[in-house]
Amino acid sequence: MTVDAGTRMDTKVAAALGSGARPAAATPLSSSLTFGWRALLKIKHVPEQLFDVTMFPIMFTLMFTYIFGGAIAGSPKEYLPYLAPGILVQTVVMITMYTAMTINNDIEKGVFDRIRSLPVWRPSLLVGSLLGDTLRYTMASSIIIVLTLVMGYRPAGGVVGVVSAIALLLVFCFSLSWIWTLLGFKLRTPNAVMGVSMMVLFPLTFLSNVFVAPETMPDVLESIVKVNPVTILVDAARSLMDGDPDGGAITTVLIMSAVLVAVFGPLTMRVFANRT
Amino acid sequence: MTRIAVFLKGISCGSMGPMSYAIETHDLVRIFGDNRAVDGVDLRVPSGGVYGVLGPNGAGKTTTIRMLATLLKPTSGTALVLGHDVVAEAGVVRSKVAMTGQFASLDEDLTGTENLVMLARLYGFSWGQARQRSAELLDAFDLTDAADRQVKKYSGGMRRRIDIAGSIVVRPDLMFLDEPTTGLDPRSRNQVWDIVRALVSAGTTVLLTTQYLDEADQLADRIAVIDRGRVIAEGTSGELKASVGSGALHVRVADAAQRDEAVRVLESTLGTEAVREGDPCAISMRVEDPVGVPAALARLRDHGVATTEFSLGQPSLDEVFLALTGEAVHEEVNA
């Protein structure tokens, strides 16, 4: 920089202002895509968030298969068909909380207010972030599937079974993410979000049939585990991946998803619109 | 204090036509819980130029701006921005104003280019136009070298510049700048001041909040002083300063033993109360009329009081506050 940088900037800024003609307003689709682009850029620039998405599922899968597999199912190989769908569900359900983290961070850093002060269709921020979520969920799912395949897992349901299990899982997680969006708006700091989500997610995923059959648990616990939505989701995913679709479980998952959206969708949009 | 405020408001009402206001608020109130953050603010900001809102931390400056920028709904009262109601016509207001500051920031994880491209896209530019506009702005703000660096790695001055660049992707009719120079070094501060002047010369009205009287003095055509959610004085910088006396006189005597004598002489000559500073040789006092100062110094010499330093400065924000709010003075008396 030179000594007269200030003066130079003065004229250049004035010139830049002069050429700031206003184009026609962005369409909802175009602003949603722009926010989606931002979500992808954030994954690129903050690879740490992919660490959770990739490393933890890998560690969990290896640990549970080789440490507990023998004790639970006789051998790691026999345990894998039971564990794979379960750990797939657990992994993706766990990372839904990033939705809340992202929104809460945006609010805390003032990015949210900057965006709110723009003349754009406001829900496009949420629609755009779904794009980033899709990428995260898909990446995590692919990693689990590839890893378990390498470890010797051969799903009886084949490609169709696995893909439809992942599709069902994504539907449920998108519906679940409305709760996280709401929490992201309501909680004060990203740390609070982290705390609350761990308090909810750990019991939700561990008090389920992800790792072991509920029948092996004490009666009281078994009855809790059986009504856990995650258990039903795992049942549905397992049935699809095993090539023996459980219509009841799948329908229940779809109904739960619809209820989540019906309740938390409008609630979240109201908080979003009126956040003052 | 009331006398001053009424006097200054009288001036502002008389000299402006009703149609020329960029911002007009009436009894604006915002309550958080039982805290009246903004407690009945009446502002009339003329179109064009810089309007300064001066006040200490927690005075209600940011809350006021957030309401004017449609980010916060007023608890009661009305605000028209560029002739549009901030609640009923929030969308129209949003399309005409821009803001930058502690509460409206860019995405720190993205690079300078990515932030500007994103904002340009959201304003409706095509991808190609957005990239071109981003490059133009980065060049204008001397940030081309940092274009591909994440904003969180920018220095304070660069950060403020990219924030402002993001606000003029399309030229706003009105720009809110919330404490744009707080924490900047003098060089970066001067750059921001240059940018503000460039904004004004391009026809944008700027509403600027600041804690520094000096900054308001340098940039603002008119200033509102806010304290505890209320406007306690309003006027041009000259009017405000006149209302608290022309400035502050600081004197150091050579011998601390002569300070009491010096205080007596200065008080009797200048007619205002002198303050004995922590430094046993130093005296400071408010001066109504600087013309009397040379005579006062001459009288010190006549009384055999030797002085090592004297200076006549602008009143500081503290001094403006002491003069404008009875409360602050009261606190000091109690302390």
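Sequence positions are assigned chain by chain, starting from 1 and proceeding in written order. Working convention: letters from A go to chains and numbers from 1 go to ligands, in the order in which they are written. Local features in a predicted model are, by the rule used here, given only for residues with pLDDT of at least 70; side-chain atom pairs are given and counted only at 80 or more, and totals for whole chains, interfaces and linings are based on all residues. With hydrogens and water set aside, each side-chain value is computed from the structure's full complement of heavy atoms.

Caption draft 1: Structural detail: the packing of aromatic side chains. All names here are of chain A. Aromatic rings from Phe, Tyr and Trp, taking only the six-membered ring of Trp, are treated as a pair when their centres fall within 6.5 Å; an angle between ring planes under 30 degrees marks them as stacked, one over 60 as edge-to-face, and anything in between as tilted. On inspection of all chains with the given rule, the structure shows eleven aromatic pairs over all chains. Considering the side-chain rings of Phe64 and Phe211, the 4.0 Å spacing of their centres and the 20° angle between planes classify their relative orientation as stacked. In this pair, Phe64 is assigned in helix H3 (residues 48–73) and Phe211 in the loop between helix H9 (190–206) and helix H10 (219–227), connecting sequence segments 147 residues apart. Centre to centre, the rings of Phe112 and Phe272 are 5.7 Å apart; their planes meet at 55°, and the pair counts as tilted. Elements are defined by DSSP. Helices are runs of H or I of four residues or more, strands are runs of E of two residues or more, and each kind is numbered from the N terminus.

Caption draft 2: Structural view of the packing of helix H2 (residues 28–45) of chain A against helix H7 (residues 124–150) of chain A. Residue and element names in this part refer to chain A. Running from amino to carboxyl end, H2 crosses H7 at an angle of 40°, the nearest separation of the two axes being 7 Å. By the angle between their axes, H2 is oblique relative to H7. As H2 packs across H7, the resulting crossing turns out to be right-handed. On the side of H2, the interface is formed by Pro28, Ser31, Ser32, Phe35, Gly36, Arg38, Ala39, Leu40 and Ile43, while H7 contributes Ser124, Leu125, Val127, Gly128, Leu131, Gly132, Leu135 and Arg136. We call Asp, Glu, Lys and Arg charged. Ala, Val, Leu, Ile, Met, Phe, Trp, Tyr, Cys and Pro are nonpolar, and the rest, Gly among them, are polar. Here the contact of H2 with H7 is built from residues that sort into nine nonpolar, six polar and two charged. Think of each axis as a best-fit line through the C-alpha atoms, taken over the contacting stretch in the case of a helix, with angles from 0 to 180 degrees between the N-to-C directions. To sort the angles, those under 35 degrees are grouped as roughly parallel, those over 145 as roughly antiparallel, those from 65 to 115 as roughly perpendicular, and the leftovers as oblique. Here a crossing is called left-handed whenever its near helix is offset anticlockwise from the far helix by less than a right angle, and right-handed whenever the offset is clockwise. By the convention used here, residues are in contact when the closest approach between their heavy atoms is within 4.5 Å.

Caption draft 3: Structural view of a negative patch on the surface. Think of a patch as exposed residues, more than 30% relative accessible area, with no salt bridge, where like charges cluster within 9 Å and nonpolar side chains (Val, Leu, Ile, Met, Phe, Trp, Tyr) cluster within 5 Å. Here the open area of atoms and residues is found with the Shrake-Rupley method and a 1.4 Å probe, where only the protein chains shown may cover a residue. Salt bridge, as used here: a side-chain nitrogen of Lys or Arg that lies within 4 Å of a carboxyl oxygen of Asp or Glu. Within this scheme the basic residues Lys and Arg register as positive and the acidic residues Asp and Glu register as negative, but His and the chain ends are omitted. Taken as the charge location is NZ of Lys, CZ of Arg, CG of Asp or CD of Glu. A cluster of acidic residues, Asp235(A), Asp242(A), Asp244(A) and Asp246(A), forms a negative patch at the surface. Along the chain, the position of Asp244(A) falls in the loop between helix H11 (229–241) and helix H12 (247–274).

Caption draft 4: How the structure looks around a nonpolar patch on the surface. All names here are of chain A. Side chains of Phe51, Met55, Phe56, Met59, Met63, Ile67, Phe68 and Ile72 sit close together on the surface and give an oily, nonpolar patch of about 700 Å² of accessible area. One can find Ile67 in helix H3. For Ile67, a relative accessible area of 54% corresponds to the exposed category. For the exposure calls, accessible area comes from a 1.4 Å probe over protein chains only, and a residue counts as buried if that area is under 20% of its type's maximum, exposed if over 50%, partly exposed in between.

The values are spatial; any link to function lies outside them.
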